[in-house]
Amino acid sequence: MLQHVTATRYVTPLREGGSLPGIVEADDLGTYVVKFRGAGQGSAALVSEIVVGELGRRLGVRVPDLVLIELDAEIGRREPDQEVQELLLASVGLNLGMDFLPGSIGFDGMHWQPPAEEAARIYWLDALTGNVDRTWANPNTLIWHRKLWAIDHGAALVFQHSWPAVPAWAARRYDLSKHVLGGQVGAMPAAELKAMDEQLADAVTPEILTEVLALVPDEFLLKLNSAPADASAAGLRERYAEYLLARRSSDRAWWPESAV
Ligand SMILES: Nc1ncnc2c1ncn2[C@@H]1O[C@H](COP(=O)(O)OP(=O)(O)O)[C@@H](O)[C@H]1O
Ligand SMILES: [Mg+2]
């Protein structure tokens, strides 16, 4: 289970992306970057954050701790900024928080490079989950304590918006040419890339996917805009597992054999 906390104070919005995540303090004295279910993509972005973030963690990618954070209407009513107030009031109930990394800086590839093997893990996770949101325009990687952390997995798993045929999604090519870590991964010897691919694919087992999907609250799944009216949370979890397993069991033509 993800830890469950209650928001005590809305601190400030992060106006970088479009979804207006905010910094929030909680009753465990933690400070979190919160993704609100009332934002544009609704709960789909929150599902993707949990599934991709927690799968990544199990594949050896550094991801800030995730929590489920309960938001009371009172916090919204006290908020003077109208845009933020509307978002908070549309998000009363359960939301997703990630541990705020104080003093972290955005990765820019200029002054410091992560170990190639770490870059390749993130790159593989993004290719598996179809995450197009880790480009130079939007690096979504932070350097904190001289280590690389992966954030912002809300735009992955695009199948959840339209539920296309599983084999088609599983075989979909993935444009990694603008990926922030592409240059580094491309410089790895082909044999290492192949070994990495095999190692990570072996780690994506049905059991791991079940474990990760169990962390998603039922209500996030049932509130998906694309969920059929008669869908059950268990049924939807099976669907997610089916897509991800099919992609990892495919010939993985989406993974580069050599330099990109
Ligand atoms: N856990 C975190 N610790 C510190 N800063 C963060 C954290 N998560 C996000 N940020 C900052 O907030 C920005 C927006 O968060 P992000 O998750 O990328 O959302 P979006 O791009 O959807 O607005 C990031 O680019 C980063 O600068
Ligand atoms: Mg972002």
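It should be emphasised that the depicted structure is a prediction, and the values quoted were computed from it without experimental measurement. (Residues numbered from 1 in each chain as written. Chains lettered and ligands numbered in written order. Predicted model: local features only at pLDDT ≥ 70, side-chain atom pairs only at ≥ 80, totals over all residues. Heavy atoms only, no water.)

### Some points on the layout of surface pockets
Looking at the largest pocket, its volume works out to about 950 Å³. Lining of the largest pocket is provided by 38 residues; of these, P21, K35, N140, I151 and D152 occupy positions nearest its centre. Breaking the lining of the largest pocket down by element, the ones donating at least two residues are β3 (31-35), α1 (43-58), β5 (93-99), β6 (105-106) and β7 (141-144). Considering each element in turn, the lining of the largest pocket owes the most residues, 3 residues, to α1. A class-by-class count of the residues in the lining of the largest pocket yields 19 nonpolar, 13 polar and 6 charged. A domain-level breakdown of the lining of the largest pocket finds at least three residues from each of domain 1 (3-99) and domain 2 (105-249). (1 Å grid on protein atoms, 1.4 Å probe; cavity = no way out; pocket = protein on both sides within 12 Å on 5 of 7 lines; lining within 4 Å. Points joined across faces, edges and corners; volume = space filled by probe spheres on them. Helix = DSSP H or I, 4+ residues; strand = E, 2+ residues; numbered from the N terminus. Nonpolar A, V, L, I, M, F, W, Y, C, P; charged D, E, K, R; others polar. Domains from an automatic or database assignment.)

### What about the coordination of the magnesium ion (ligand 2)?
Taken together, N140 (OD1) and D152 (OD) make up the full set of protein donors to the magnesium ion (ligand 2), lying 2.1 to 2.2 Å away. With N140 in the loop between α4 (116-129) and β7 and D152 in the loop between β8 (147-150) and α5 (159-162), the pair connects residues that are 12 residues apart, well separated along the chain. Of the two residues, N140 and D152, both sit in the buried class. (Donors = N, O, S within 2.8 Å, 3.2 Å for Na, K, Ca; no water. Buried < 20%, exposed > 50% of the residue type's maximum accessible area, 1.4 Å probe, protein only.)

### Some details on the site of ligand 1
Around ligand 1 sit 16 residues, and of these E16, K35, D99, L101 and D152 come closest. For ligand 1, an oxygen atom lies 3.0 Å from a polar atom in the side chain of S19. Here an oxygen atom of ligand 1 sits 2.9 Å away from a polar atom, N or O, in the side chain of D152. In isolation ligand 1 offers 540 Å² of accessible surface; the protein chains occlude 87% of this area. (Near = heavy atom within 4 Å. Polar contact = N/O pair within 3.5 Å; in protein donor to acceptor, adjacent residues only side chain to side chain. Areas by Shrake-Rupley, 256 points an atom, 1.4 Å probe, with all protein chains shown as cover.)

### Looking at the domain arrangement of the protein
According to the domain assignment, the protein consists of domain 1 (3-99) and domain 2 (105-249). Between domain 1 and domain 2, the C-alpha centre-to-centre distance is 20 Å. Counting from both sides, the interface comprises 27 residues of domain 1 and, opposite them, 38 residues of domain 2. Between domain 1 and domain 2, the buried area comes to about 2,900 Å², and carbon and sulfur atoms account for 71% of it. At the surface where domain 1 touches domain 2, the tally comes to 4 salt bridges. Of the charged contacts in the structure, one is a salt bridge between E211 and R58, with a shortest N-O distance of 2.6 Å. Across the contact surface, domain 1 and domain 2 share 13 residue pairs in polar contact (both at pLDDT 80 or more). Of all the secondary-structure elements, those providing two or more residues to the side of domain 1 that touches domain 2 are α1 and β5. Ranked by residues supplied to the side of domain 1 that touches domain 2, first place goes to α1 with 15 residues. Split by residue class, the side of domain 1 that touches domain 2 holds 14 nonpolar, 7 polar and 6 charged. (Contact = heavy atoms within 4.5 Å. Buried area = accessible area lost by both parts, 1.4 Å probe. Salt bridge = Lys/Arg side-chain N within 4 Å of Asp/Glu carboxyl O.)

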